[in-house]
Each structure stands twice: as structure tokens, then as C-alpha cells.
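Structure assessment
Residues per chain, in single letters:
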Amino acid sequence: MIVRQLAARQGRQFLALRRTPVASRFFSSEIPTPPPMEPVVDTPLPEAEPEKIIEEIVPVAPAEPGQASWKKEATHRHRFNRMGTSMKVAYNPDSLLQNPPKPSDITLELLLASQTHLGHSTSRWNPQNSRYIFGIREGVHIISLDVTAAYLRRAAKVVEEVAARGGLILFAGTRKGQKQSVVRAAELARGYHLFERWIPGSLTNGQQILGHCETKVVNALDEELPDFKADLADRPPLKPDLVVCLNPLENVVLLHECGLNNVPTIGIIDTDADPTRVTYPIPSNDDSLRATTLIAGILGRAGEAGQERRMAMAKEGKTTYEPITAQALRLDPFTGTAPGSEQAKKQN
Amino acid sequence: MVPSACWNCVLRPRAAATRALLPPSSSAPRVASAPFHSSAAQYAQPAKKKANTQTMMKHRQSMSIRRKKKKPVDRVRPPPVGERKALKKRIVLSNPNALEIEGMADLSAETMSNPSLRGTIMGLPVDKLDQLRAVEAFKPKQSWSLFRRPSTVFRRSTYEMGRLIDQITGDVEGAQQGKVVKKIVTGPKGSGKTVHLLQAMTMAFIKKWVVITVPDARELVSGDTAYSPIEGTNPTQYVQPNATSTLLSRVVKANQDVLAGLRISQQHPALKGLKPGSTLADLAKLGLQDAAVAWPVFQALWTELNATKAAPGVKDEFQPRPPMLVTLDGLAHWMGESVYRAADYTTIHSHDLVFVNHFLSLLTQGQTLGNGGLVLYATSTSNSPSNYSLEVGLDQLAARQEGVKPSSPEYPQPESYSDADPRVMDLFQASMSKDGLLELQTLSGLTRDETRSYVTYFARSGLLREVVNDQLVGEKWSLSGGGVIGELEKVLRRPQLSRPQVATATA
Amino acid sequence: MAGHRSNCIAQAMQLLRLPSSTSRVTVSRAPSHLRPPRTQTRTYATSEEAVSPAAPEIDFSTSSSRSPARIVPASPAYFSGSPRFIDHVLKLEKLQTKYSGLPTMEASEAPRMAWFKLAQFRDFVGEPVPTKKYKSLVKILQRLNRIQPAAVPAEVRSTLESFLRPGNPYAQQLAPPTVDESGRARGRGKRKESSAVVHLVEGEGEILVNGRSLVDVFKRVHDRESALWALRCTQRLDKYNAWINVRGGGVTGQAEAITLATARALLVHEPALKPVLRKAGVISVDARRVERKKPGHVKARKMPTWVKR
């Protein structure tokens, strides 16, 4: 027993000390990567803001005493921040948002650290999820991390390819606290975000609900072409080409409408969710903000990669999708005829 | 801000006072209590009986819906007739818990016209209290029960009245000796009109005047007493024998000493039982014994009191009669129709009641008091019908006093088409036909000095626990609407709130 | 299950193989498996399938930068139904986090800004914005407005200005009330349905309400005290005379309207008393009014008794 404890205690340390590529290969199921926490730690954080702010401030009025003291304090802080102990490894709660990992950074350790493996109480499970479930611990289902990783990579691929083909990707996360991650992912993937309630009928009754929302015509390089503004009137509202849903349980309506409109969906499927509601499930914990932020970030990064690829091709004058022609734009959106043709017919 | 609870209710010593007044119930066993105990043991609640076992809920006992019906509570016997009214009208003149104020002057022959005492609190002389009670000078709600002994503020108006009484009596040189002064006392609510009358009565008693009072004018016109027409009068006049009898009893009780010293000097053929040479007190007592002759007796008494010399047939030596004080409270009740009905079921005008008519006629020019005296009629604001004619009459009186001629357009006249009572207007017309006869005296709030002494009086009686300074006096003065004494008393009875101290006294 | 898993993996593998194939082929069309069959109306890209052209193609300039490729939403919040509003909110939130370190001042000292009223804001964004959401937006605006004036970045200033309603109602400052030539200070106050106007002059504490004495108007001592509380709590009762006009409402309302009016008039005479009066609670306006009765209710909120059958 003592031996076992010793092994348990020392073995962990030993492993931590000697982390060779071979060992890491053993831990992660992907190509050799640096230790899981490193990319997060080593990546240069976005430049601290105060510095910039000080420069930006335009002294409008002669500085008040309070203002002067604040300025002094800010300068001090800036000067002395770098001095003293330097914290190499420090947890930054916003790092997942500011610098989300790429799909290639997915490791089981990262997933584990982000609590993606924690399912729900066994009594609440959906048996359809049995294939993702690793086991039970303390009455809670544990999701198999290697499945999660594989499905997440697949979803990332889907997002990347859709982005590369100029599809509209909608990131939807309507739970409290998911706003930032959803907006960030949409920003990375140049997609669209939804962090408040999905208005039922936005797809099935789009003209009523999204009819007033503006659209624009862009060229292959995503530059707006204002000449076609007049042609956008009376056009049916747009529909997303891919929907990423962080909480499918609450967004049944959204997923249903997507199903009706043949829009593929990606969803985080917890052990109590119905995996058949989405096209590409990602078995994972959807109650942990860290887990959802991680998944949204990874998918956002994937979208970013896809968009970059598309832009690179566009620069060469190639597109991976069939661009809308100017002529088609000029056609009447309802009859599908040229603007003047109907009158001509009548005259004939 | 202001505390929302009505402190007035909490503070009012009503409950304590009434309990102390009631005699200890005979059923409660008298238990000897320690001498230092402030509350006697017999007032303690009787020991509680053990609760009935049936009605008491036991722990874990099921309670059925069919509970035993409560026995009908047997009604407590109602209090005997007149007791509640007596309680209501009870006047408590002393509060043994209040502190006694040392060095307080009494109202006396010397002090009543002493100008240096103006603005002080003066006690009423103890030996006159019975007489004052007899003429019903005290009213139940005047908070006499707050203080150790009854006392009043010696206001400017009091001092002036004291001087006037002195002059009429002839103690002080002046042209007023033996004169008759008639005044109507008005003023806002709580301004001390009734207490003014009380002070006048006290002074009159001190000066050994004859005091005749009507403490509540309402009782004579509200249909409370019996009335009967006097035959042969046109228009028919009505006499109220019981009310007259009560009046006579008041006069006899209050002026026993004076009346007993005076002998009749006139012939009274109407009064059969009257022996020659009897005193005026005996004369008045005739009316007490038989209410039917009360009114003739009163008339006889009145002529006796106003006589200046003996009638030819009387051999007794004529004794000079003292001046008279006639007071009335609640004048407005007498300025309209009464609730009495004539034989044809028309309402009787209050001026057709001889009692009322007699006293109102004193206001007019012709009727005077033979030996001089003071006629003080006060209006009331606590119980008064709104009376347009009286208002106009008082306005006219005020205008006359300011020197406005009746012919001038500014002279107040009843509005056209208003139902001003012509008889009332005639009365005022008659009373004002000569200048300077009927006066209007308007009482208002106390001055600040008087307020200060009143507040100090409260503080020294132990009712106000605060330092009396200009601040406090000014505050109370403003809160009481400019020193209206009744309001001042209400304000002072409230417990004081701690006031925030102003850090920055001046800007 | 095992079979399914293998199928799944096969699908995944298929997907994984995709990028290599697409990167090599330079076709300008979507791969066949991604492209839905003809019968479907939707395609991956938003471009619409060209129906047989009615007229020969207009020859735009050949450069791809001028030829249209896609129709896309103008805002990333397109699918939320109120994109412009959400864009504004996100922009403001971004500013707030960016400049959260700047020195701020008390909300009471911040310059008073006339933000859009709700109806105006709805016109401004052209979307039906709920009240609650607009309130949260105004909250962010207020926070940004609290940055000390000397430190406000130009970006923030311009953003804030875009939310101001046209014509600044707070631009013209009201002249501070003063004591007039005869030494009177005027104050007005309201409470419940009553409104009072008080003229305060230096004096000995004489008070007239509607030309009558205070005692006549307020029978209760409590009302009298609350009417004069402003003077009483500052111990100024014997230093001022007041001429009061009050109308409307009941006795309590009138008394407390007088309190407020007196306090305001007193402030004109002695502005240094403000903290004392504030503490005494006499210059706080009580804006509560009687709630109206509603149809179907017995009173404002009371419902008729519910009876079964």
C-alpha cells in the first residue's frame, strides 16, 4: 500500500520532470506538440492597454489635481510593472478569449483542463450519447476525451471549409456568460453571432423578422460594392450556411429551423442532450463556460484559417464558390426575370 | 421627519386620572401595601384563574371542527343614568403628580391690577374655587388636570379687565365708577375666551360682586329643558322654568355670602311666600323650591339687585347693591331660531324665549345694570353653529369701533338676498345706536413674553423637559399659530423630539 | 454502436481528406459533395443559382475587384434581428473595457447629458428596441460619461456625442434663484396632489397659509410640525416670516408640499444649510402619486375575489 502511494505521489512528479516528446505522444493523441499549457503561456499577450491610453489622451483642459495624480500613478505603474519578480506561469482567465487555441493545438490535456469531460448526473443521460461516454465517476458521466477531440477536429474542419467557400457561419450561444466567447469566435471567423434569444421564425419567416436588416454586396476580396445597393431591395433575407450552437438544449427552435432549411449545424452535446438534433455533434460539457469558450475559440480559429485561405485564393483571382453575377443581381428576385422584360411581354 | 405615531394619545394622562378618581372597588380586597409603593395594591389586576382545561389545546391533540360553542357573555349592567354624563363633565382641577411651583402669585385684589405682573402665571385663589365651580366657570377640556393647581396667564387683556373691575368697584379713582361696560369677546379657536370669562368671574368674586352666568348658551335653545308659553303676550313669549331654576341655584351657590347680606327693598306682590325683611338669598331659594315660580323669582331678584333705592313701602334700610357681572358663553346659539316649536308647529325664535331675551336685552342701549357692572358675552368656536347674521353684526361692531360711520359705503352690510336674521340685525342696531356702549374685544395669541412664561410654567410643572430659551419659545409660538394658547398647550404636551444641531450657524 | 462509430470515423476521415484535395485543385466551384443537388434551393454559398439569363451578360470591367461575388449581411449581428442596436452595444462595451482604467468622478459631478429618449433611439437605430435593453445601454453611456473630462479620449467623446438628442436641453443653465428686492425668497414644492408656493422673508416667525393662520389650516400638530420642519430642524423658526399659498390635495399633502417649498426658499436665503436640510429629508422630492385604477381591478392592483364556479 505504501508502495502504491509512493508510486502515485512520486510517479506524477517523475512524469512531470521528464516530459519527453515520446511521453507527450503518450498523453496526447495528436502529433507531437509542446506541453499543453505552453502555447497559452508563451504566446505574447496583447499589449497592455494603459500605455497606449496615455499616449492617446488629448489634454483638453489644464489637468486637474486629481487628473495629474492619476497620470503620475499610471506612469509609475508602467515603469515599475516590469521590475521585480517576473511571473512566468500565471493563469490569465481571459487567455482563452484573447488568444484561443488553434484546432491543431487540441490535446486531451487541454480538453481535460477545460472540463469538457464532465457530463451530467447519470440519471439525466440520453442513451443516444452512450457512444461518447467514457464512464461514470461519482454519479456523473464522464465524456470520452478522445472522442471529443476527434469530433472537435472534425467540426473545426467543417467550419474551416465552409469559411473557405464563403459560407455564412453563425455562432449561437444564448446562455449567460457566453456572449464574449460567441462574439470573439464570430470576430475571428468573420462570421455572425447570436448571444440573445433566437427569434423563432428567423429562417422560416425571415422576411418578417430579418427583412429590415441590412445586407451588402461584396466582391471576392470582401470589399463592399456600393453600386449594387439598389438591387438589394426586395431580396429574400439571408440564411446561414452553418450554425454553431453552444447550447443546443435551449435552442431547439433554432436547430429545428436549420433542419427545415437544410442548414448544417454544429452543436455541443452534453450527456443529457439529443445528438440527433445537430448535424455535427461535439460531445462535451456545455455547462462549463471554460469548455464552451474553448470550443468556440477553436472553431473561431478554424474559421479564421478558412477565411485566410479564401482571401489568398481571391487575391489570385480564384474562388472556391460560384460567385453571384452582376446580371443575376439585376434580376427581379421574385419573378427571376430582367427588370424590363415583363413590361415588354405585356406589350407583345 | 415628524414621528408618525400620535404622541398626543400616548401622553394624555386621561387614563391615569380617571382611574385615580374612581373610588377603589369594594370587591377587591384591600391589601396593605408598602408605604413607598406608588401604585396601591387594590388597583392591581385580579389574579388570573387557571385556564379551562377543556378549552386549552393540548399538545398533539386532534382538534375537531365541532367545538363547544362559547357561552353567551352576560351583559355587564349599563352604568346608572347620568353617570356617564357626570364622567364626561367631570372637572379635575389638580394633578398631584405635577410639581408645585413656588413663588407663584395668586390672583387677588392687589395683584389683579398690578401692571408689573403682566405676562406671569397666576394661580386662582383657592377659596374662590368652589364658587367658580358653582358658576361652571371651568370646562372639561381645558387641561386643568395637568397641573398642581389651576392657574392662568395674566395677559394684557386680563390686566385691563382687572383695572376696569377696580374702577367700576370704585377702588381706584376714575370716571368709570358705577358704570356699565358691555363687551362681546371673540377670537380664534383656543385663544382663551372662556378662560377670559373665568378670570373675570374670579375677579368679580374677589371684589364681592354678584356673578350671574350662563355657562352654555346652547342648553337653552336646543330643546333640552321644558318650556311653556306665557299667556297674554303678543307675540307669544316662552318661559323655561327649569333652566331658570338652575340659573337661580347657580346664583345662590356662588353668591351665597353677598346675597345673604342683602335684604329685599321692593314690593313683590306676585310672590306669596316671601316674608318681608328676608334676604335676597331667601328670595332666590323660593325659585329653587318651585320651578313654576322660578321666572318671577328671577325677575324679582333682578329688580332687587338693580335697585338703587328702597321702594316707598319698605321700611328696612336700603343696603347698596354691589355691581354685577353677567357672562355668557356661546353667543351664536342665541342668534337664530331655536329648536322649540310653537303650538302651530312653527319654530320659536330664540329671542322669543324670555330667558334669552332678558340677557340679550342687556346688550341694547336702554337696559342697564342699576349699580354698574360688566356684561361679558363670549362667542365659542368649539361648539357653535355658523351664523351669518352674527358675523355681520360683529363686523359692524368692529367697523364702528374703528370709526367707520354707518352711512359710509365701507360699513359692512348683510349681502342682498342673504337670509340675515332681521331680529339679530335689529339687536345689533339697537346695541350700537350710541357710541362706546357695546365693545368688541378680540382675543388673539399670546405675546412672546407671555409665551415664555407659559412655557416656563410647563417646564416647572415637570411637563416639559427642555431648556427654555428663545429658540424653544419662538418655535412653540410659531407652531401654535402665533401663540394661540390652546394650541400652545397642545404643542407643549407633545414629547419633544431631539433636534439636529446646526453645525454652520450662519452662511 | 461499434458499427456506427466506425461509420462516424469514416465520415471524419473523409472530411479530413478534404483540404488536401481542394488545395490542389484550382477549380472555382465548390466540390461536388458539398454542393447540394439541383433540386435543393439552398446552396452553401449565398449566391443564387442563375436562372436562364433573359438578356446577354452586361460586360462589367473584367477586374474581379469590381465584380460582385456574394451578398452578405452588413453586420455580424444580422441574425439577432436587431443588428444595429447590438453593434452599438458591443462597440460601447468595448470602449468601456478599453478605458476602464481612466480616472472617473462621481455620478453627480459628471456633465449632464441628454441621451436619446427611447422613442428617439428607436428612430435612430430603426429597430424596435425594448426599454430594458435601452436602459442597459444608457448605463454604459453613463459610465463612459463619468470619465474625468480632462482624460476623455476623443474616441469616447465622439461616440457619446452620437447618442445625444438634438438640441441640448441642459445647455442653458437656469439662473440661480435669488432674494428679490423686498427680501423675499420664493420656493415651490409639490407632494401628492398638492402644490405650495412659499415666500420667505426675514422676520419673527409669523406664518400665514392662504391668508389664514397656520392653526386654522392644519388642525393636527403633526401637520403643522411637518409643514415647518425645514425651519424647525435648522432652528430658523423665529427668524423668518412665511407667506404660503397652497392648493390641491389633502391636509397631509399640503403640509408636506409646504415643507419642500419652505426648504427651497430657505436655501435661497442660506445655501449653506443644504447638508442639514438634505439630512433632515426636506429637500428630497417625493414623486409618488396615486396609482390609477385599472379596469378589471377593484383598486389599482387589487383583483376581485376569485370564486370557484
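Residues numbered from 1 in each chain as written. Chains lettered and ligands numbered in written order. Predicted model: local features only at pLDDT ≥ 70, side-chain atom pairs only at ≥ 80, totals over all residues.

In terms of helices and strands, chain A carries 14 helices and nine strands. In chain A, which comprises 348 residues, the share counted as buried stands at 37%. A separation of at least 24 residues holds for 64% of the contacts in chain A among residues at least 6 apart in sequence. (Helix = DSSP H or I, 4+ residues; strand = E, 2+ residues; numbered from the N terminus. Buried ≥ 20, exposed ≤ 12 C-beta atoms within 10 Å, placed from the backbone. Contact = placed C-beta atoms within 7 Å.)

Secondary structure assignment for chain B yields 17 helices and eleven strands. Residues counted as buried form 36% of the 507 residues belonging to chain B.

Our focus in this paragraph is the pairing of strand E2 (residues 133-137) of chain A. Residue and element names in this part refer to chain A. Pairing geometry for E2 and strand E3 (residues 140-143), over four bridges, is antiparallel. Among the inter-strand pairings, Gly135 is bridged to a residue of E3, identified as Ile142. Taking the residues between adjacent antiparallel strands as the criterion, E2 and E3 are bridged by two residues, where Glu138 takes a positive phi near 50°. (Pairing = 2+ DSSP bridges.)

We now examine the environment of B:Thr236. Residues and elements named next belong to chain B. Within the secondary structure, Thr236 sits in the loop between strand E5 (228-230) and strand E6 (237-239). Along the primary structure Thr236 and Leu353 are separated by 117 residues, whereas in three dimensions their C-alpha atoms are 9.0 Å apart. Apart from residues no more than four positions distant in its own chain, Thr236 is found in contact with Pro229, Ala342 and Asp352.

Let's shift gears to the sheet that holds strand E3 (residues 180-186) of chain B. Residues and elements named next belong to chain B. Spatial ordering of the open sheet is given by E4-E7-E10-E3-E11, a layout of five strands whose pairing is parallel. Each end of this open sheet is capped by a strand with a single partner; those strands are strand E4 (210-214) and strand E11 (438-442). Adjacent strand axes in the sheet meet at a mean angle of 15° when their direction is disregarded. Relative to E11, E3 runs parallel, the two sharing five bridges. (Axes fitted to C-alpha atoms, helices over the stretch in contact; angles between N-to-C directions.)

With that settled, the discussion passes to the confidence of the model for chain A. Reading fine detail from the predicted coordinates is not recommended where pLDDT is low. Overall, the prediction assigns chain A a mean pLDDT of 82, with 76% of residues at 70 or greater. Low confidence marks residues 14-63 of chain A, where pLDDT is under 50. Its contacts with residues over four positions away, or in another chain, come to 57 contacts. (pLDDT = per-residue confidence, 0-100.)

Turning our eyes to something else, we now look at the interface of chain B and chain C. If you look at the interface, chain B gives 23 residues, while chain C gives 27 residues. Among the elements of the structure, helix H16 (470-479) and helix H17 (485-493) of chain B are those that each provide at least two residues to the side of chain B that touches chain C. Considering each element in turn, the side of chain B that touches chain C owes the most residues, seven residues, to H16(B). Along the lines of polarity and charge, the residues of the side of chain B that touches chain C split into ten nonpolar, seven polar and six charged. (Nonpolar A, V, L, I, M, F, W, Y, C, P; charged D, E, K, R; others polar.)

Moving on, we come to the sheet that holds strand E5 (residues 212-213) of chain C. Residues and elements named next belong to chain C. Read across the sheet, five strands follow the order E2-E3-E6-E4-E5 without closing on themselves; strand pairing throughout is mixed. Pairing within the sheet leaves two strands with one partner each, and these edge strands are strand E2 (185-191) and E5. Lying on the sheet, helix H9 (residues 251-269) is in contact with E2, strand E3 (194-202) and strand E6 (240-247); it crosses E2 at an angle near 150°.

A few words on the nonpolar core. Counting residues in hydrophobic clusters, the biggest one holds 141 residues, and the most contacted among them are B:Met201, B:Val211, B:Ala284 and B:Leu331. With near-sequence residues (within four places) excluded, B:Met201 lies in contact with B:Leu132, B:Val135, B:Ala137, B:Val211, B:Thr213, B:Leu325 and B:Thr327. The next biggest cluster of nonpolar side chains, apart from the first, holds 75 residues, and it includes A:Leu110, A:Ala155, A:Leu168 and A:Tyr280. (Core = buried A, V, L, I, M, F, W, Y, C linked by C-beta atoms within 7 Å.)

All names here are of chain B. In this model, chain B carries a mean pLDDT of 83, and residues with pLDDT of at least 70 account for 83%. Here residues 2-35 is modelled with pLDDT under 50, and outside its nearest four sequence neighbours on either side it reaches 24 contacts, counting other chains as well. Low pLDDT, under 50, characterises residues 499-507; the predicted model gives this stretch 13 contacts beyond four residues in sequence or across chains. Complex prediction metrics read pTM 0.59 and ipTM 0.76.

Turning our attention to the packing of helix H8 (residues 241-254) of chain B against helix H11 (residues 294-306) of chain B. Residue and element names in this part refer to chain B. At a closest axis distance of 8 Å, the pairing of H8 and H11 adopts a crossing angle of 40°. Taken together, the axes of H8 and H11 are oblique relative to one another. Remark: the crossing between H8 and H11 carries left-handed chirality. Mapping the contact onto sequence places Pro241, Thr244, Ser245, Leu247 and Leu248 in H8 and Ala294, Trp295, Val297 and Phe298 in H11. For the contact of H8 with H11, a count of residues per class yields seven nonpolar, two polar and no charged. (Parallel < 35°, antiparallel > 145°, perpendicular 65-115°, else oblique. Left-handed = near helix turned anticlockwise from the far one by under 90°.)

Residue and element names in this part refer to chain B. Among the residues of helix H10 (residues 280-289), Leu280, Leu283, Ala284, Leu286 and Gly287 are the ones counted as buried. Along the long axis of H10, the arc covered by the buried residues comes to 140°, so they all point the same way. Taken together, the buried residues of H10 touch H8, helix H9 (256-260) and H11. (Arc of directions from axis to C-beta.)

Three- or four-residue spacings in an α-helix give side chains the same orientation, since the helix completes a turn every 3.6 residues. Under the 1.5 Å per step criterion, the end-to-end length of H9(C) is 27 Å for 19 residues, consistent within 8% with the ideal 27 Å. Burial analysis of H9(C) places 15 of its 19 residues in the buried class, the great majority of the element. (Expected span 1.5 Å × (residues − 1).)

Residues and elements named next belong to chain B. Within strand E10 (residues 373-378), six of the six residues are buried, which leaves it mostly tucked inside the rest of the structure. Burial along E10 is two-sided: Gly373, Val375 and Tyr377 and Leu374, Leu376 and Ala378, pointing in opposite directions, are all buried. Where E3 meets E10, six bridges bridge the pair, whose relative direction is parallel. Across the sheet, residue Lys182 finds its bridge partner in E10, namely Val375. Inspection of the sheet shows strand E7 (residues 324-329) paired to E10 by six bridges, in the parallel sense. Residue pairing across strands places Asp329 opposite Ala378, the latter belonging to E10.

As a further point, take the packing of helix H13 (residues 388-401) of chain B against helix H14 (residues 422-431) of chain B. All names here are of chain B. Two numbers describe how H13 lies on H14: the axes approach to 9 Å, and their chain directions differ by 20°. It follows that H13 is roughly parallel to H14 by the angle criterion. The element H13 and its partner H14 pack so that their crossing is right-handed. Each of Ser389, Leu390, Gly393, Gln396 and Leu397 in H13 lies in contact with H14, whose residues at this interface are Val424, Met425 and Phe428. Within the contact of H13 with H14, the residues separate by chemical class into five nonpolar, three polar and no charged.

Residue and element names in this part refer to chain B. Along the chain, the position of Leu99 falls in the loop between helix H3 (83-89) and strand E1 (121-123). With 13 C-beta atoms packed within 10 Å, Leu99 lands in the partly exposed category. Each C-alpha atom, one on Leu99 and one on Arg460, is 6.9 Å from the other, the two residues being 361 residues apart in sequence.

The omega torsion across B:Asn234 and B:Pro235 is -5°, close enough to zero to call that bond cis. Mapped onto the elements of the fold, B:Pro235 is located in the loop between E5 and E6. Backbone geometry places A:Asp234, a non-glycine residue, at a positive phi of 60°. The backbone of C:Asn210 sits at a positive phi, close to 50°, despite the residue not being glycine. Mapped onto the elements, C:Asn210 comes out in the loop between strand E4 (207-209) and E5. For C:Asn210, a count of 13 C-beta atoms within 10 Å translates into the label partly exposed.

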